[in-house]
Amino acid sequence: MNDLNTLRRAKLYIDKLAGGINPLDDLPLPESDIVNNVRISRCLLYVSNVLADDIKQEERKMRKLIKETPFDLPVENRGLFEFSNYSISVTELVKRINNLIDRETMSPLKLASVTSWLVNTGMLRVEQKSDNSTVKRPTEHGVAIGISVEERVGVRGNYTAVIYNKNAQRFILDNLDAIIEINNKK
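Residues numbered from 1 in each chain as written. Predicted model: local features only at pLDDT ≥ 70, side-chain atom pairs only at ≥ 80, totals over all residues. Heavy atoms only, no water.

What follows deals with the overall build of the protein chain. Scanning the protein chain for helices and strands turns up eight helices and five strands. Mapped in sequence order, the helices and strands of the protein chain form the string α-α-α-β-α-α-β-β-α-β-β-α-α. The C-alpha atoms of the protein chain give 27 Å as radius of gyration, which overshoots the globular expectation for 186 residues (16 Å, by more than 25%). Along the three orthogonal principal directions, the C-alpha set of the protein chain runs to about 85 × 35 × 35 Å. Here the protein chain, with 186 residues, has 32% of them falling under the buried criterion. Taking the intrachain contacts of the protein chain between residues at least 6 apart in sequence as the baseline, contacts between residues at least 24 apart amount to 51%. Here the protein chain holds 27 positive side-chain charges and 25 negative ones, and the gap between their average locations is 5 Å. (Helix = DSSP H or I, 4+ residues; strand = E, 2+ residues; numbered from the N terminus. Rg over C-alpha atoms; globule rule 2.2 N^0.38 Å. Buried < 20%, exposed > 50% of the residue type's maximum accessible area, 1.4 Å probe, protein only. Contact = heavy atoms within 4.5 Å. Lys, Arg positive; Asp, Glu negative; His and termini not counted. Charge placed at Lys NZ, Arg CZ, Asp CG, Glu CD.)

On to the pairing of strand 5 (residues 157–164), then. Looking at chain direction, strand 1 (residues 88–89) and strand 5 are connected through two bridges and run antiparallel. Looking at strand 5, one finds that I88 is bridged to Y164. As paired elements, strand 4 (residues 147–154) and strand 5 share eight bridges and run antiparallel to each other. By the bridge assignment for strand 5, I147 is matched with Y164. Between strand 4 and strand 5, which follow one another and run antiparallel, lie two residues. (Pairing = 2+ DSSP bridges.)

Along the chain, S116 falls in helix 5 (residues 111–120). On the accessibility criterion, S116 (25% relative accessible area) is partly exposed. Taking the C-alpha atoms as reference points, S116 and D15, 101 residues apart in sequence, are found 53 Å from one another.

What follows is about the sheet that holds strand 1. Two strands in a sheet stick together by hydrogen bonds in their backbones, pointing the same way (parallel) or opposite ways (antiparallel). If you trace the three strands from one edge of the open sheet to the other, you get 1-5-4, paired in antiparallel fashion. Only two strands of the sheet have a single partner each, and these edge strands are strand 1 and strand 4. Each of strand 1, strand 4 and strand 5 touches helix 7 (residues 166–174); the most contacted strand, strand 5, lies at about 60° to it. (Axes fitted to C-alpha atoms, helices over the stretch in contact; angles between N-to-C directions.)

To continue, consider the nonpolar core. Generally speaking, nonpolar side chains in soluble globular proteins are found buried as a group. Within the largest apolar cluster, 28 residues are counted, with the highest numbers of intra-cluster contacts made by F71, I97, V114, L118, I147, Y164 and L176. Beyond its immediate chain neighbours, meaning those up to four positions away, I97 contacts F71, L73, F81, L109, L173 and L176. Ranked by size, the runner-up nonpolar core spans nine residues in total, among them L4, L7, V35 and L51. (Core = buried A, V, L, I, M, F, W, Y, C linked by side-chain atoms within 4.5 Å.)

Moving on, we get to the pattern of salt bridges. As enumerated under the stated definition, the model contains nine salt bridges in all. A salt bridge links E150 to R152; its shortest N-O distance comes to 2.7 Å. In this structure R152 comes out as partly exposed when scored by relative accessible area, which is 25%. The network of salt bridges with shared partners includes E92, K95 and R96. (Salt bridge = Lys/Arg side-chain N within 4 Å of Asp/Glu carboxyl O.)

Our focus in this paragraph is the side chain of T139. Inspection of the secondary structure assignment puts T139 in the loop between strand 3 (134–138) and helix 6 (140–145). Reaching out from T139, the side chain makes a polar contact with the backbone oxygen of G122 at a distance of 2.4 Å. (Polar contact = N/O pair within 3.5 Å; in protein donor to acceptor, adjacent residues only side chain to side chain.)

Rendered as structure tokens:
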């Protein structure tokens, strides 16, 4: 943090000098002062930009050093969730939830936590495919709350997407505390 403060102070001094201000007493420097030379002023502005980049880099390092806090979404932030009037994937749903947090300081909600919770509560079931891979599909309970499947075409051909209507989205948000518990255990 000390290096970051030093960089910030250096940038402040350079900015003031580039603007023709004495950084020690904040008084304007005389027009005849060397820092008021256009070439010197431009050079100082360049150095200021270099320092700004260094400050950003140091701030990124500091954020990485701060231990990420486990995912949480306060009740007041949950009210900011943008429900979709059309059915969306769980990926989109989780993305919208994660847009409500500061990802610099908090671990995001994981998609697997949502689907695991839905499997645990009987809204989704895990099916084995012929190639021994697994897929998740809605159960009768899942269909009742608004989870459905839709055939889609992607770059790799046809596939079945599990989608969530507005009621299913609301169901997930209403049960977010239970999902957070699973998310933060992993």
